[in-house]
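Understanding the architecture of this molecule
Residues per chain, in single letters:
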Amino acid sequence: MAGAGLLAAAGRWLPRGAHRGPRAASSSPSCPGCGPPGPGAHCPAAPRSAPSPAPAEPSALLWARYQDMRRLVHDLLPPEVCSLLNPAAIYANNEISLRDVEVYGFDYDYTLAQYSDALHPQIFNAARDILVEHYKYPEGIRSYDYNPSFAIRGLHYDIQKSLLMKIDAFHYVQLGTAYRGLQPVPDEEVIDLYGGTQHIPLYQMSGFYGKGPSIKQFMDIFSLPEMALLSCVVDYFLGHGLEFDQAHLYKDVTDAIRDVHVKGLMYQWIERDMEKYILRGDETFAVLSRLVAHGKQLFLITNSPFSFVDKGMRHMVGPDWRHLFDVVIVQADKPSFFTDRRKPFRKLDETGSLQWDRITGLEKGKIYRQGNLFDFLRLTEWRGPRVLYFGDHLYSDLADLMLRHGWRTGAIIPELEREIRIINTEQYMHSLTWQQALTGLLERMQTYQDAESLQVLAAWMKERQELRCITKALFNAQFGSIFRTFHNPTYFSRRLVRFSDLYMASLSCLLNYRVDFTFYPRRTPLQHEAPLWMDQLCTGCMKTPFLGDMAHIR
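Residues numbered from 1 in each chain as written. Predicted model: local features only at pLDDT ≥ 70, side-chain atom pairs only at ≥ 80, totals over all residues. Heavy atoms only, no water.

1. Notes on the environment of Asp-117
Take Asp-117: it is sitting in the loop between β4 (114–115) and α3 (119–133). In sequence terms Asp-117 and Ile-278 are 161 residues apart; their C-alpha atoms lie 9.9 Å from each other. (Helix = DSSP H or I, 4+ residues; strand = E, 2+ residues; numbered from the N terminus.)

Given below as structure tokens:
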């Protein structure tokens, strides 16, 4: 990603006259920059009129080209190239004009209310104690504490193999990111577990919402303490040689985490200390007030109970928060709210008690419980692309709305802010750019197959793998970035692109844009198209003849 973007602007550092004018066809049987030419190849680095150089040892040519590339990469990365991305920006997967959006909808948890990471150890500890006290798990499990740097969102868990792993957009396990308990599983063992391949047949093993039966995907932020606890419990059983049924252990941990929510423990912690746990409340108020001031209609659909939402909104917005919303729905039971027509709306009174009167309309300032989207659409007539709904869970909040109902959707991805700050570092930029350049060099030079050249290529492959591991560890030592494997998008990224028109670190990013702003997604080159890729420029072999002539037009 970074390399392609950098090289799109490479003309700023190339001599303006370097590629102007028509080229003479090269009479050289092979290009010292690219190796033996392929069919129809044309290399702008080839000499124009000088005679072909005297043959040299192939391995010496490879190392010379390597050094040339190192110098070029260094020259192409001036200091100002870092910090190009804004962590507070909104990123578009699909073109969308806010001018056309009349109705804004919101989830509550991790959308309107952003929570501090201090909540995760509380969830972990409470669920761990539930396992020991109510499920009679070994007392030794209490010795484990929450490790916030262990897992990342979007991982998959193979229940029968007790394997937590990162899967890419093509359903392949990223080697080096499979863990059983707290220990990494060797690549060879992972491949053997899946019949000699890295490919995971997710369509057979996991449903649309990533909930099994054999493989579960952890998609929401609340799942971070769940993955940590699951890994710790498996680690304890394996470390003490205790036999266990993988499915039972998985269900017990999942139920213990669920109990923390169902019993209201998490709600109690947040309500007792909202200053500690709720972040950016003033920014949420600013977003909502601004939208209402511009004549937008607002609604809230959340799975959380009214008393909890009411206290949180009073803290962030004030006692009159309900006047900002045209419709408020609590305990909606998403995602079935979007698909199940059978559950009717129930009205709540001021104390949160259920009323028995029939619902014929959704009134502003009133609170409704449960219901379903089909009745919601009938009663409000809010349909199609004039509705924009924000949520943090790609499945439970966004998928059905985009695929079935044509709403516009915005994903709240708090991890985005930290990942962009890492991408903006000089270490990341240099590591990734050199990695892409080295990959291109390997691709072009693999035509050299003599013994010495093969040793050179093997050394480059080793260096490339080391660079990939360094880049991965910048984000997370075990699993890397939530958005990428070594080179492919993650399965999480694939779902993010499919189910969201926009994505951002927090709702407050909306404050950086006008309410009639149009978001345009960047045209990402397909593999058969003609970008100025780092590997093509550095190996002096752009794959289209005219591209070199256009390099200075920027």
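Structure shown, so let's carry the discussion forward.
2. A look at the packing of aromatic side chains
Remark: the centre distance and the inter-plane angle together describe each pair of aromatic rings, the angle taken between the planes. Enumeration according to the criterion identifies 38 aromatic pairs in this entry. Residues Tyr-66 and Trp-434 carry aromatic rings whose centres are separated by 5.3 Å and whose planes lie at 80° to one another, so their mutual orientation is edge-to-face. Of this pair, Tyr-66 sits in helix α2 (residues 58–75) while Trp-434 sits in helix α15 (residues 426–445); the two residues are 368 residues apart in sequence, bridging distant segments of the chain. Three or more aromatic residues joined by ring pairs make a cluster, and in this case those are Tyr-137, Tyr-144, Tyr-236, Phe-237 and Phe-244. Between Arg-70 and the ring centre of Trp-434, over which it is positioned, the NZ or CZ distance is 4.3 Å. (Phe/Tyr/Trp six-rings, centres within 6.5 Å; stacked < 30°, edge-to-face > 60°. Lys NZ or Arg CZ within 6 Å of the ring centre and 35° of its normal.)

3. Here's the deal with the sheet that holds strand β3 (residues 103–106)
As summarised here, the arrangement of the 9 strands in space is β1-β17-β16-β15-β3-β11-β12-β14-β13, forming an open sheet in which the pairing is mixed. On the outer flanks of this sheet lie β1 (91–92) and β13 (345–348), each paired with one strand and no other. Strand direction decides the pairing type here: strand β15 (residues 387–391) and strand β16 (residues 408–412), joined by 4 bridges, are parallel. When the sheet's bridge partners are listed, Phe-390 is paired in β16 with Gly-410. (Pairing = 2+ DSSP bridges.)

4. Observations regarding the UniProt feature "binding site: GMP" (unreviewed entry) in the chain
The feature "binding site: GMP" (unreviewed entry), as annotated in UniProt, sits at Asp-109 in this numbering. Note that Asp-109 resides in the loop between β3 and β4. Given the relative accessible area of 11%, Asp-109 is considered buried. In this view, Asp-109 contacts Tyr-115, Phe-222, Thr-302, Ser-304, Phe-308 and Asp-392; residues no more than four positions away in its chain are not counted. (UniProt positions renumbered as here; feature names shortened; annotations may be inferred. Buried < 20%, exposed > 50% of the residue type's maximum accessible area, 1.4 Å probe, protein only. Contact = heavy atoms within 4.5 Å.)

5. With respect to the sheet that holds strand β9 (residues 215–217)
By way of backbone hydrogen bonds, the strands of a sheet pair with one another, either parallel or antiparallel. With respect to topology, 5 strands assemble into an open sheet ordered β8-β7-β6-β5-β9, the strand pairing being antiparallel. On the outer flanks of this sheet lie β8 (183–184) and β9, each paired with one strand and no other. When strand β6 (residues 163–167) meets strand β7 (residues 173–180), the two strands line up antiparallel, connected through 3 bridges. Pairing of Leu-164 across the sheet is with Tyr-179, part of β7.

6. Looking at helix α6 (residues 223–239)
Spanning 17 residues, α6 covers 24 Å between terminal C-alpha atoms, matching the ideal 24 Å at 1.5 Å per step. Along α6, 15 of the 17 residues are buried, which leaves the element largely enclosed by surrounding structure. Downstream of α6 by a residue or two, Gly-241 has a phi angle that is positive, lying close to 65°. (Expected span 1.5 Å × (residues − 1).)

7. Details of the pairing of β3
Residues Val-103 and Gly-105 of β3 are buried on one face, and the alternating residues Tyr-104 and Phe-106, pointing to the opposite face, are buried as well. With 4 bridges connecting them, β3 and strand β11 (residues 297–301) associate as parallel partners. Bridge pairing in β11 links Gly-105 to Phe-299. With 4 bridges joining them, β3 and β15 adopt parallel strand pairing. Within β15, the position partnered with Phe-106 by the bridge is Phe-390.

8. What to know about the nonpolar core
Membership of the largest hydrophobic core comes to 139 residues, with the highest contact counts inside it found for Phe-325 and Phe-376. Broken down by element, the residue count for this core peaks at 10 residues, all from α6. When residues no more than four places from it in sequence are discounted, the contact partners of Phe-325 are Phe-106, Leu-112, Leu-288, Leu-298, Phe-299, Leu-300, Met-313, Lys-364 and Gly-365. Among the nonpolar cores identified, the runner-up in size contains 17 residues, and Tyr-66, Met-429, Trp-434 and Leu-441 belong to it. (Core = buried A, V, L, I, M, F, W, Y, C linked by side-chain atoms within 4.5 Å.)

9. Observations regarding the packing of helix α8 (residues 265–272) against helix α11 (residues 306–316)
In contact at an axis separation of 10 Å, α8 and α11 are set at 20° when each is read in the N-to-C sense. If you check the angle between α8 and α11, you find them roughly parallel. Considering how the two elements wind past one another, α8 and α11 form a crossing that is left-handed. Each of Tyr-267, Ile-270 and Glu-271 in α8 lies in contact with α11, whose residues at this interface are Ser-307, Phe-308 and Lys-311. Its residues placed into classes, the contact of α8 with α11 shows 3 nonpolar, 1 polar and 2 charged. (Axes fitted to C-alpha atoms, helices over the stretch in contact; angles between N-to-C directions. Parallel < 35°, antiparallel > 145°, perpendicular 65-115°, else oblique. Left-handed = near helix turned anticlockwise from the far one by under 90°. Nonpolar A, V, L, I, M, F, W, Y, C, P; charged D, E, K, R; others polar.)

10. Some points on the UniProt feature "binding site: Mg(2+)" (unreviewed entry) in the chain
Mapped onto this numbering, the UniProt entry gives "binding site: Mg(2+)" (unreviewed entry) at Asp-107 and Asp-392. Across 286 residues, the annotated set stays spatially compact, with a maximum C-alpha separation of 7.7 Å. Of the annotated set named above, Asp-107 and Asp-392 line the second largest pocket. Inspection of the secondary structure assignment puts Asp-107 in the loop between β3 and β4. Its relative accessible area of 6% is what places Asp-107 among the buried residues. Sequence-distant contacts of Asp-107, that is, excluding residues within four places in its chain, are made with Leu-112, Leu-300, Ile-301, Thr-302, Lys-334, Tyr-389, Phe-390, Gly-391, Asp-392 and Asp-397. Following the sequence through the fold, Asp-392 ends up in the loop between β15 and α13 (394–405). When neighbours within four sequence positions are excluded, Asp-392 is seen to be in contact with Asp-107, Asp-109, Tyr-110, Thr-111, Arg-153, Asp-220, Ile-221, Asp-397 and Ile-412. (1 Å grid on protein atoms, 1.4 Å probe; cavity = no way out; pocket = protein on both sides within 12 Å on 5 of 7 lines; lining within 4 Å.)

11. Looking at the confidence of the model for the chain
On average, the chain scores 86 in pLDDT, and the residues at 70 or more come to 84%. Note on residues 538–554: pLDDT under 50 across the span, and 52 contacts to partners over four residues away in sequence or across chains. (pLDDT = per-residue confidence, 0-100.)

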